[in-house]
Amino acid sequence: MPPTRPPAQLDAIDRQILQILQHDARLSNQELAQRVHLSASACLRRVRRLEEEGVIARYVALLDPRAVGQPGTSFTIVNLERITPEAMSAFEAAVKAEPSILDCYYVAGSNDYLLRFTYRDAADLESFHTQVLARLPGIVRSNSMLVLRTVKRTTALEVR
(Lines give C-alpha, C1' and ligand atoms only; values in the text may rest on other atoms or scores of the structure.)
Protein backbone atom coordinates (compact mmCIF):
# COMPACT_ATOMS: atom_id res chain seq x y z
CA MET A 1 0.00 0.00 0.00
CA PRO A 2 1.47 3.41 -0.92
CA PRO A 3 2.35 5.71 1.97
CA THR A 4 -0.40 8.11 2.94
CA ARG A 5 -0.13 11.50 4.48
CA PRO A 6 -1.82 12.06 7.81
CA PRO A 7 -5.36 13.43 7.59
CA ALA A 8 -5.59 17.20 7.43
CA GLN A 9 -6.61 18.98 10.60
CA LEU A 10 -10.01 20.42 9.71
CA ASP A 11 -12.13 22.68 11.85
CA ALA A 12 -15.87 23.21 11.52
CA ILE A 13 -15.47 26.04 9.00
CA ASP A 14 -13.12 23.95 6.82
CA ARG A 15 -15.63 21.10 6.84
CA GLN A 16 -18.45 23.49 5.93
CA ILE A 17 -16.39 24.94 3.04
CA LEU A 18 -15.66 21.43 1.76
CA GLN A 19 -19.30 20.34 1.96
CA ILE A 20 -20.44 23.43 0.05
CA LEU A 21 -17.75 23.14 -2.64
CA GLN A 22 -18.50 19.46 -3.19
CA HIS A 23 -22.02 20.43 -4.19
CA ASP A 24 -21.20 23.60 -6.13
CA ALA A 25 -17.55 24.39 -6.85
CA ARG A 26 -18.56 27.25 -9.16
CA LEU A 27 -19.58 29.50 -6.30
CA SER A 28 -17.72 32.76 -6.19
CA ASN A 29 -15.39 33.23 -3.24
CA GLN A 30 -17.65 36.06 -2.07
CA GLU A 31 -20.72 33.80 -2.00
CA LEU A 32 -18.80 30.98 -0.32
CA ALA A 33 -17.51 33.42 2.31
CA GLN A 34 -21.05 34.63 3.02
CA ARG A 35 -22.31 31.07 3.45
CA VAL A 36 -19.61 30.22 5.98
CA HIS A 37 -19.71 33.63 7.69
CA LEU A 38 -16.13 34.68 6.90
CA SER A 39 -14.60 37.66 5.15
CA ALA A 40 -13.76 37.01 1.50
CA SER A 41 -10.01 37.19 2.20
CA ALA A 42 -10.19 34.75 5.14
CA CYS A 43 -12.29 32.34 3.09
CA LEU A 44 -9.88 32.50 0.15
CA ARG A 45 -6.93 31.80 2.46
CA ARG A 46 -8.70 28.70 3.79
CA VAL A 47 -9.59 27.41 0.33
CA ARG A 48 -6.01 27.93 -0.89
CA ARG A 49 -4.66 26.10 2.18
CA LEU A 50 -7.06 23.21 1.52
CA GLU A 51 -5.82 23.08 -2.08
CA GLU A 52 -2.15 23.26 -1.07
CA GLU A 53 -2.59 20.50 1.52
CA GLY A 54 -4.22 18.28 -1.11
CA VAL A 55 -7.59 18.15 0.64
CA ILE A 56 -9.11 19.71 -2.47
CA ALA A 57 -7.50 17.58 -5.17
CA ARG A 58 -9.03 19.30 -8.21
CA TYR A 59 -12.16 20.89 -9.64
CA VAL A 60 -14.14 19.10 -12.36
CA ALA A 61 -17.43 19.19 -14.23
CA LEU A 62 -19.47 16.02 -13.70
CA LEU A 63 -21.25 14.98 -16.88
CA ASP A 64 -24.57 13.16 -17.07
CA PRO A 65 -23.75 9.96 -19.01
CA ARG A 66 -27.24 9.89 -20.56
CA ALA A 67 -26.89 13.45 -21.83
CA VAL A 68 -23.71 12.51 -23.70
CA GLY A 69 -25.21 9.33 -25.18
CA GLN A 70 -23.75 6.76 -22.77
CA PRO A 71 -26.71 5.60 -20.70
CA GLY A 72 -25.30 2.17 -19.81
CA THR A 73 -22.90 1.51 -16.94
CA SER A 74 -20.93 -1.67 -16.40
CA PHE A 75 -18.78 -2.85 -13.55
CA THR A 76 -16.34 -5.54 -14.55
CA ILE A 77 -14.44 -7.79 -12.18
CA VAL A 78 -11.04 -8.82 -13.54
CA ASN A 79 -8.66 -11.56 -12.47
CA LEU A 80 -5.07 -11.61 -13.68
CA GLU A 81 -3.23 -14.77 -14.58
CA ARG A 82 -0.45 -13.85 -12.15
CA ILE A 83 -0.25 -11.27 -9.39
CA THR A 84 3.33 -10.16 -9.76
CA PRO A 85 4.64 -6.60 -9.69
CA GLU A 86 5.41 -6.84 -13.42
CA ALA A 87 1.98 -8.20 -14.37
CA MET A 88 0.19 -5.65 -12.22
CA SER A 89 2.27 -2.77 -13.62
CA ALA A 90 1.57 -3.82 -17.20
CA PHE A 91 -2.16 -4.17 -16.54
CA GLU A 92 -2.41 -0.89 -14.63
CA ALA A 93 -0.45 1.04 -17.27
CA ALA A 94 -2.77 -0.27 -19.99
CA VAL A 95 -5.84 0.66 -17.94
CA LYS A 96 -4.53 4.17 -17.30
CA ALA A 97 -3.96 4.63 -21.03
CA GLU A 98 -7.53 3.56 -21.92
CA PRO A 99 -9.91 6.56 -21.81
CA SER A 100 -13.08 4.44 -21.86
CA ILE A 101 -12.24 2.94 -18.46
CA LEU A 102 -13.50 5.45 -15.90
CA ASP A 103 -12.40 3.77 -12.68
CA CYS A 104 -10.06 0.93 -11.80
CA TYR A 105 -9.66 -0.40 -8.28
CA TYR A 106 -7.20 -3.03 -7.05
CA VAL A 107 -9.35 -5.03 -4.64
CA ALA A 108 -8.96 -7.56 -1.85
CA GLY A 109 -10.72 -10.91 -1.90
CA SER A 110 -11.09 -13.51 -4.64
CA ASN A 111 -10.86 -10.96 -7.47
CA ASP A 112 -8.04 -8.65 -8.47
CA TYR A 113 -9.51 -5.49 -10.04
CA LEU A 114 -12.86 -3.76 -10.46
CA LEU A 115 -13.40 -1.58 -13.55
CA ARG A 116 -16.20 0.85 -14.39
CA PHE A 117 -17.12 2.09 -17.83
CA THR A 118 -20.13 3.52 -19.61
CA TYR A 119 -21.50 2.53 -23.00
CA ARG A 120 -24.04 3.64 -25.62
CA ASP A 121 -25.75 0.38 -26.55
CA ALA A 122 -25.23 -3.39 -26.88
CA ALA A 123 -22.87 -2.97 -29.84
CA ASP A 124 -20.75 -0.49 -27.86
CA LEU A 125 -20.69 -2.89 -24.90
CA GLU A 126 -19.58 -5.73 -27.16
CA SER A 127 -16.91 -3.49 -28.68
CA PHE A 128 -15.57 -2.67 -25.23
CA HIS A 129 -15.28 -6.36 -24.42
CA THR A 130 -13.61 -7.33 -27.70
CA GLN A 131 -11.52 -4.22 -28.43
CA VAL A 132 -10.56 -3.02 -24.95
CA LEU A 133 -11.01 -5.64 -22.26
CA ALA A 134 -9.70 -8.58 -24.30
CA ARG A 135 -6.55 -6.61 -25.15
CA LEU A 136 -5.59 -5.71 -21.60
CA PRO A 137 -2.49 -7.69 -20.58
CA GLY A 138 -2.61 -10.63 -18.22
CA ILE A 139 -6.37 -11.10 -17.84
CA VAL A 140 -7.37 -14.70 -17.24
CA ARG A 141 -11.03 -14.08 -16.35
CA SER A 142 -13.55 -11.25 -16.26
CA ASN A 143 -17.17 -10.88 -15.27
CA SER A 144 -19.29 -7.86 -16.15
CA MET A 145 -22.32 -6.63 -14.25
CA LEU A 146 -24.65 -4.24 -16.08
CA VAL A 147 -26.39 -1.57 -14.03
CA LEU A 148 -30.17 -1.68 -14.39
CA ARG A 149 -30.87 1.39 -12.28
CA THR A 150 -28.72 3.72 -10.23
CA VAL A 151 -30.13 4.04 -6.73
CA LYS A 152 -27.48 6.42 -5.40
CA ARG A 153 -24.42 8.00 -6.97
CA THR A 154 -22.39 10.75 -5.38
CA THR A 155 -18.91 12.14 -5.49
CA ALA A 156 -19.31 14.04 -2.21
CA LEU A 157 -17.35 12.66 0.72
CA GLU A 158 -18.69 12.99 4.23
CA VAL A 159 -16.20 15.33 5.89
CA ARG A 160 -15.77 14.63 9.60
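Criteria and thresholds
- Residues numbered from 1 in each chain as written.
- Predicted model: local features only at pLDDT ≥ 70, side-chain atom pairs only at ≥ 80, totals over all residues.
- Heavy atoms only, no water.
- Axes fitted to C-alpha atoms, helices over the stretch in contact; angles between N-to-C directions.
- Helix = DSSP H or I, 4+ residues; strand = E, 2+ residues; numbered from the N terminus.
- Parallel < 35°, antiparallel > 145°, perpendicular 65-115°, else oblique.
- Left-handed = near helix turned anticlockwise from the far one by under 90°.
- Contact = heavy atoms within 4.5 Å.
- Nonpolar A, V, L, I, M, F, W, Y, C, P; charged D, E, K, R; others polar.
- Pairing = 2+ DSSP bridges.

Side note on the packing of helix α1 (residues 12-23) against helix α2 (residues 29-36)
In a pair of packed helices, the angle between the axes and the distance between the axes together describe the arrangement.
Then step 1. Axis separation between α1 and α2 bottoms out at 10 Å; the angle between their running directions is 130°. The pairing of α1 with α2 is recorded here as oblique in orientation. The two elements α1 and α2 meet at a crossing, and its hand is right-handed. On α2, the residues touching I13, Q16, I17, I20 and L21 of α1 are L32, R35 and V36.
Then step 2. Taken together, the residues of the contact of α1 with α2 sort by class into 6 nonpolar, 1 polar and 1 charged.

Here we look at the packing of α1 against helix α3 (residues 40-52)
Then step 1. At a minimum axis distance of 11 Å, the contact between α1 and α3 shows a crossing angle of 80°. Classified by the interaxial angle, the pair formed by α1 and α3 is roughly perpendicular. Of α3, the residues touching α1 (which contributes I13, D14, I17, L18 and L21) are C43, R46, V47, R49 and L50.
Then step 2. Here the residues of the contact of α1 with α3 are counted per class, giving 7 nonpolar, no polar and 3 charged.

Examining the sheet that holds strand β3 (residues 113-119)
Then step 1. One open sheet accounts for 4 strands, arranged β2-β3-β1-β4; its pairing is antiparallel. In the strand order of this sheet, the two ends are held by β2 (101-106) and β4 (139-146), each with one partner. For this sheet, the mean inter-axis angle between neighbouring strands, taken without regard to orientation, is 20°.
Then step 2. Where strand β1 (residues 72-80) and β4 come together, 7 bridges link them in antiparallel fashion.

Keep in mind that these numbers describe shape and distance, not what the molecule does.
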